[in-house]
Each structure stands twice: as structure tokens, then as C-alpha cells.
Amino acid sequence: MSTTYKNILSKTNFTPNKDWLKIKTIDMHTGGEPLRVIVDGFPELKGSSVLEYRRYCKENFDHLRTALMFEPRGHADMYGCILLPPNDNDGDFGIIFLHNEGYSTMCGHAIIAITTLAIKMNWITVTEGENILKIDAPCGRITSFANVENGEVKGVRFHCVPSFVVGLDRTLEIEGLGKITYDLAYGGAFYAYVDMAKNNFNFDLSTNSYRALITNGMKIKNAVLKADKEILHPFEDDLSFLYGTIFIDNNKQPTGNDSKNVCIFAEGEVDRCPTGSGVSGRMAIHKARNEIDYGETITIESITNSVFKGSIISEEDYGPFTAVIPQVEGTAHITGMHTFVVDPNDPMKNGFILR
């Protein structure tokens, strides 16, 4: 064995300089959609609520969002979160979500993943059967339920915030696409829902149409954002923006699932999972159309064929809307643990994106 190779085997720990920032993460995925959970090293965020923490992060540490989400540490479709104190003592913890465009209001795949991680890390007292977590997201309090069997998480479901329909079958003329029909609904974030059967597109919801889905999803998002003046949350101005476009195939899928979602969100990100907040908004749409009732479940698959189950728990008045409380179910897995370093002399320390 060569001397050099012996040195390699004996010297595998790297010690960064004292002026380098070190940030530890646990990386996960839910149905193929990544989640980078920041667990240590991120500067302290100031505020008294999750929305205030999010605002403070955006104003003071946005360069760390890009450093962790963008290349070379991440990629154009990376997603992350920061864990924070809850809004009050009744909550377990708070969470803010990071992506290539900024900060989202709600993320169902992150709720499923972080609930799974909370059980695996024993952040709460874990019992066999159902374990409950109260998580404060920017959109409000999310209650999640982890089913534990023999110490293992077998699945997670969560009750989303009140989800409601703003409008059904709205139409809009878009250059290059012609007249499109869409629904506008909120499930913790606002989406334009586009049923493939109601529109004449020259692409489908398969991976073969990946580029066309991004291009046209962003085209629809930007057009709806410009034309539709009702993207208004009844209580929080910070939540009043269109997060993305969700293309829907409501036909029975070859896999046996009831439907398919492909969500194009933020700055052209493609959700690998069926989109938890998107499924929540869909439950409001299906209820408004009398296509789902209590005790019924819809299985919705994604571009990777991962599956979420959607159902409705209850209805309530929410400002001017009749809202539903949706339930979304899925599974998540850990993919790795990282210690990222930021060298102050690195010209690309804040990241970049090539798509």
C-alpha cells in the first residue's frame, strides 16, 4: 500500500478555518421532493411569530438561503426549512420554508418529512400508535399525526389550514397557449389549477414533458398573477400571492390512482411529490363541485408516481369563504446528514443557478 494512500485513509476529517460558517442539515425526501432541514449553525432569527421570523430571514440572511438552496450545495429544485420556536406555548415548534425563489407560506411535503424526523430524533415523547405534533407554519398552525409501529414511522397525515376556492372555471387568454381555463384556490398557498381535459395543450404530465411543463406552468402563473385581482388572503397580506400552477389529470391513472398532479412553483421548480398544499386546495375544489364527501379519499400521484391521499375533515367559515379542513397523507425518508461550510473567500459562496 502506498504512503500517500495510507495518509488518505488516516486523514479523512477536514477542519474548516475559524472564520468559515458551518451549517448542519439533515436531508430528506417526501415522494421524491427534497427537504434540507437546517438543524444547527444558521444565525439566530429575531421575532415573535413565524411570519416575523420569515421576514427577518428575508431581510438579513437571504444570502444563506441561496447558499444552501442554489448550486453548488443545492440545485434549481432544492427545498429547505428552518425550525423555530412556535407562535405560542401550545405549539411544538415553528417552521419556515426555503426554495429557489424565496419563502413559501405552506409546504405539505415538508410537514410530512419534519414530522417523520421528529419521531426518528425523539424530539417528542414517542409512543406506539398515533403521535401528534402542532407545527406553526407561515400560513397558520398545522396538526400532524405520525403512525408508529414497532418504533418505525409507517405514515404521516396532517390537517391543513382552512382551504378555500376563490373561483372555478376562470378563463384567460395567454400568448402561445390561447384561451385557458383554470380554478383559483388556496390550500396554505394560492395555486392556479389547470385541468388538462379542459385545455388543449400539446404536452402531457409525464417526465417527457418536463421542460414544457416548466415553461407553460410559469407562463400561466405569471399571466394569472397579472390578471387575477382576487389572490388575496382574508387575514394576512404576506400570504396574498400566487405560488404556482398545478396541472391536473383527473382521469383514472394506469397505476390505479384517482388523479395526477404536476406542480410548477416558485421560479420554475417542479414538485416531485403531489404537493401537500396543492392537494389541500384540490380538496376545497372537489368539495365545491360535490366530487368528494366526508369519509371519501382521493389518491393523487406525482410526476415521479409517488402518492398522497387527500380527504376532508370538516368545513368552516373563513372570512368571506366557506373553507374545508383537508387531510393529506404521505411518507418521507432521510437521505443524508451534512455539514456545509461557507468560505468567506469563495467567490461563489452565495450560490448560483443554471437550469
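Computed from a predicted model, the values in this text were never measured in an experiment. (Residues numbered from 1 in each chain as written. Predicted model: local features only at pLDDT ≥ 70, side-chain atom pairs only at ≥ 80, totals over all residues. Heavy atoms only, no water.)

Applying the stated rule across the entire model yields 18 salt bridges. Ionic pairing is found between R55 and D238, a salt bridge with its closest N-O pair at 2.6 Å. Separated by 183 residues along the polypeptide, R55 in helix α2 (residues 50-60) and D238 in the loop between α5 (210-227) and β12 (242-249) bring together distant segments of the chain. R55 gets classed as partly exposed once you look at its relative accessible area, which sits at 37%. Among the residues examined, D238 registers a relative accessible area of 27% and is labelled partly exposed. With its nearest N and O atoms 2.9 Å apart, the salt bridge here joins D183 to R289. Remark: R289 occurs in the loop between α6 (276-288) and β15 (298-301) and D183 occurs in strand β10 (residues 178-186); sequence separation between them is 106 residues. (Salt bridge = Lys/Arg side-chain N within 4 Å of Asp/Glu carboxyl O. Helix = DSSP H or I, 4+ residues; strand = E, 2+ residues; numbered from the N terminus. Buried < 20%, exposed > 50% of the residue type's maximum accessible area, 1.4 Å probe, protein only.)

Attention now moves to a nonpolar patch on the surface. Together, M1, Y5, I8 and L9 give the surface a local cluster of nonpolar side chains, amounting to about 450 Å² of exposed area. Within the secondary structure, Y5 is located in helix α1 (residues 3-10). Residue Y5 is classed as partly exposed on the basis of its relative accessible area, which comes to 41%. (Patch = residues over 30% accessible without salt bridge, like charges linked within 9 Å, V, L, I, M, F, W, Y side chains within 5 Å. Areas by Shrake-Rupley, 256 points an atom, 1.4 Å probe, with all protein chains shown as cover.)

For the protein, the assigned domains read domain 1 (18-161 + 334-342) and domain 2 (164-326). On the side of domain 2, 31 residues touch domain 1, which itself brings 27 residues to the contact. If you look at where domain 1 meets domain 2, you find 3 salt bridges. There are 12 residue pairs in polar contact (both at pLDDT 80 or more) connecting domain 1 and domain 2. Of all the secondary-structure elements, those providing two or more residues to the side of domain 1 that touches domain 2 are α2, β5 (103-104), α4 (108-120) and β8 (152-159). Its residues placed into classes, the side of domain 1 that touches domain 2 shows 12 nonpolar, 10 polar and 5 charged. (Domains from an automatic or database assignment. Contact = heavy atoms within 4.5 Å. Polar contact = N/O pair within 3.5 Å; in protein donor to acceptor, adjacent residues only side chain to side chain. Nonpolar A, V, L, I, M, F, W, Y, C, P; charged D, E, K, R; others polar.)

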